[in-house]
Each structure stands twice: as C-alpha cells, then as structure tokens.
Amino acid sequence: MEKILIPTDFSKCADAALDFVVQTAKISHVEIVAIHVSEFYPILYGDPVGMSAVYPLAYKENAEKELLTIKNRLMTDLKLTVTTKVYDAPVLDAILKAAKDFHANLVVMGTHGGSGIGEKLFGSQSASMIARGGLPVLLIPCKYKWKAPKKIVLATNGFEKESSVLEFLLDFVEKYHADLHIVVFTNDNKDKAATLVEHEYHLKNYTEMIERRYGISTVSRHIYGDDLEEALETYIKENSIDILAMVTHKRTMLGRLFNPSKTKRISGHHLKVPLLALPSKAKPSE
C-alpha cells in the first residue's frame, strides 16, 4: 500500500474519508492522490450563449482551487506527499482511470456524499465501485471519527486463498499493527447442520493455513443468527472491531457472503466501521 487514491466531492462524508487517508499517511508515509470528478453533459438545445461550455469550465477551475487548498495544507503543515487532479468523465470511469494513471494501490471513498451534486456523484456509487473496481476499496462511514485500527475482521464464507488478496490484507493489518480476526457466518434458520460442520472444518483449516503461510496469529470465530448484518454488527461491537474486510467477486458483487440487498445495506449508510473490499479474480465457489 504505497499510493492511496481519494475521490472527494468536498462534502463532510468525503472529509471523513480524507481524514482516514491523512492519518494513514502520517503513520506509513504513503502517497495521497486526491481527485474530483465533474460529470457534465452538453446542452443540445436552447444554448445561444454557450453556457454549456462556460459553466463546466468555471466549475472545474473552482474544483482545482479546492484541491490545491487541500494539497497545500497537507504538504505544508503535515509534510505529506500529495497529488491532485480534476477529471471530466462519468464518475466510475474517472476513478478507475485515475487509479490506473497514478498506479494507486487502494481507493478510499466516503459511503455517500452530502447533497446536490455531491450526492449525485458519490451517493450511490460505492457499491458499484466495489463491483467494477478491480482494486481494494476502503469505504468510510460518513460519521466515522479516525482512530488507529487495532482489530480488523475478515468475514468470509469462501475461504479465499489468492496470494494477492491475502498479502494485501496482511500488509494492511501490518501497517496499523492490528490483530486479524476471521469469522464465518452460518444462518441458524436456513443452513443445514452439515453446513455448520463444514464451516467449522474450513474455518479451522483456513486460519491454520494463514498462520502457517504468513507467520501470524489470528482469532477465528463462528458467528450465527438469522441475519448476516446483525450478526456482524454484534461481533464488531462485542469485540471492538475497527475495520470489516471481505473478498469481492465481480460475478456476485460481494461473493456468496452477501446477496444484493445485504450489499446495499452493508456498504451504505448503515455501516458503522470502515469496510475494506478486496477484489478476487477467482470465480466464487458454489
């Protein structure tokens, strides 16, 4: 994790994400790339004075000034390395292009924007960003207040073993000197008894594999209930978890662990801790 991309719409929610990035940069000396996206469409009719061209230009200039203010403050006051840029493109396309342009290792976003154009640009994009991104994405709740993460939980029913996924997660854990928890969820009402036994077996082997391969200690737990979100929230609260991590699959958004309705709830404003989405190239297990 050497370079972090932070899209901002200058809202309070974006500021919470930016603060997380800044605090991380102070700890691990990563580079910050702050971008803003202007998404305008040409006026085809009734534009005799060319306002469709003038307004976007003025908006872009104002956004560049806002980004420059952020850059100067962080570089002057905190001695951080910061790059900024305004993109004029559809939001997700711009974010993906910026990640490629600057070779970003991680994208950090607020879970939803403020109001008006901010909400349009970032309010409903987080879940889509997870699905399309191909890069690790960290979603920061709007009301989140920074504290150094000390406990990070990986919630999985897929027991993913890709080196790129696990190595990024463990590097993330190491950056913050955090403890790693691994949990698997079994639905008390819907899953069969054999599923519970299977989860226990795979969880034991999975944690042993991670500890053996990477030489770290983990905390593994089996969580139960009839609602995934409630079970995770309970575990997070009772164990003072600071970040929730999961592996994402393009075909199924967040893989077998989350169905679309749960994804929207968990990646949206109900989330109380940051959510780290780790993209997998492997097909989700059936």
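Below is a short write-up of the structure. Bear in mind that the values here come from a model prediction, so they are computed numbers and not experimental data.

Criteria and cut-off values
Residues numbered from 1 in each chain as written. Predicted model: local features only at pLDDT ≥ 70, side-chain atom pairs only at ≥ 80, totals over all residues. Heavy atoms only, no water. Helix = DSSP H or I, 4+ residues; strand = E, 2+ residues; numbered from the N terminus. Expected span 1.5 Å × (residues − 1). Buried < 20%, exposed > 50% of the residue type's maximum accessible area, 1.4 Å probe, protein only. Disulfide = S-S within 2.5 Å. Phe/Tyr/Trp six-rings, centres within 6.5 Å; stacked < 30°, edge-to-face > 60°. Pairing = 2+ DSSP bridges. Axes fitted to C-alpha atoms, helices over the stretch in contact; angles between N-to-C directions. Contact = heavy atoms within 4.5 Å. Arc of directions from axis to C-beta. Polar contact = N/O pair within 3.5 Å; in protein donor to acceptor, adjacent residues only side chain to side chain.

**Here's the deal with helix α1 (residues 12–28)**
(1) Moving on: In a regular helix each residue adds 1.5 Å, so 17 residues correspond to 24 Å; α1 covers 24 Å between its end C-alpha atoms and thus fits that length.
(2) Moving on: With twelve of 17 residues buried, α1 lies mostly within the body of the structure.
(3) Moving on: When α1 is considered as a whole, its buried residues turn out to be Cys13, Ala14, Ala16, Ala17, Leu18, Phe20, Val21, Val22, Gln23, Thr24, Ala25 and Ser28.

**Looking at the state of the cysteines**
(1) Moving on: The final tally for this structure, using the stated rule, is one disulfide.
(2) Moving on: Disulfide pairing places Cys13 opposite Cys142 at an S-S distance of 2.0 Å. Between Cys13 and Cys142, the disulfide has an S-S torsion of -85 degrees and is therefore left-handed. Pair noted here: Cys13 is in helix α1 and Cys142 is in the loop between β5 (137–140) and β6 (151–155), with a separation of 129 residues, a long-range link.
(3) Moving on: Classification of Cys13 as buried rests on a relative accessible area of 3%.

**Here we look at unusual backbone geometry**
(1) Moving on: With a phi angle near 60 degrees, His29 is a residue other than glycine that sits in the positive phi range.
(2) Moving on: With respect to the element layout, His29 can be found in the loop between α1 and β2 (31–38).

**As for the packing of aromatic side chains**
(1) Moving on: In total, this model carries seven aromatic pairs according to the counting rule given.
(2) Moving on: Arranged with centres 6.2 Å apart and planes meeting at 65 degrees, the rings of Phe20 and Tyr176 form a pair that is edge-to-face. Separated by 156 residues along the polypeptide, Phe20 in helix α1 and Tyr176 in the loop between α6 (163–175) and β7 (179–187) bring together distant segments of the chain. In this pair, the class of Phe20 matches that of Tyr176, namely buried.
(3) Moving on: Among the aromatic residues, those joined into a ring-pair cluster are Phe20, Tyr144, Trp146, Phe168, Phe172 and Tyr176.

**Comments concerning the sheet that holds strand β10 (residues 275–280)**
(1) Moving on: Strands sit in the order β3-β2-β1-β4-β5-β10-β9-β6-β7-β8 across an open sheet of ten strands; the sheet is mixed. The open sheet has two edge strands with one neighbour each: β3 (82–88) and β8 (218–225). Averaged over all neighbouring strand pairs, the angle between strand axes comes to 25 degrees, with direction disregarded.
(2) Moving on: Looking at chain direction, strand β4 (residues 106–110) and β5 are connected through four bridges and run parallel. When the sheet's bridge partners are listed, Gly110 is paired in β5 with Ile140.
(3) Moving on: Sitting on the sheet, helix α7 (residues 193–214) touches β6, β7 and β8, and the angle it makes with β8 is about 160 degrees.

**Regarding helix α8 (residues 228–238)**
(1) Moving on: Taken residue by residue, α8 has Leu228, Glu229, Ala231, Leu232, Tyr235 and Ile236 as its buried positions. Mapping the buried residues of α8 onto a view down its axis gives an arc of 165 degrees, with all of them on the same face. Those residues of α8 that are exposed and angled more than 90 degrees off the buried face are Lys237 and Glu238.
(2) Moving on: Capping the start of α8 is the job of one residue whose side-chain oxygen sits 3.2 Å from the backbone nitrogen of Glu229: Asp227.
(3) Moving on: Of the residues trailing α8, Ser240 is marked for its positive phi of about 55 degrees.

**Some thoughts on the side chain of His199**
(1) Moving on: In this structure, His199 sits in helix α7.
(2) Moving on: Since its relative accessible area comes to 7%, His199 is described here as buried.
(3) Moving on: Of the polar contacts made by the side chain of His199, one reaches the side chain of Thr186; its length is 2.7 Å.
(4) Moving on: Sequence-distant contacts of His199, defined by excluding residues within four places in its chain, comprise Asn157, Phe159, Val184, Phe185, Thr186 and His222.

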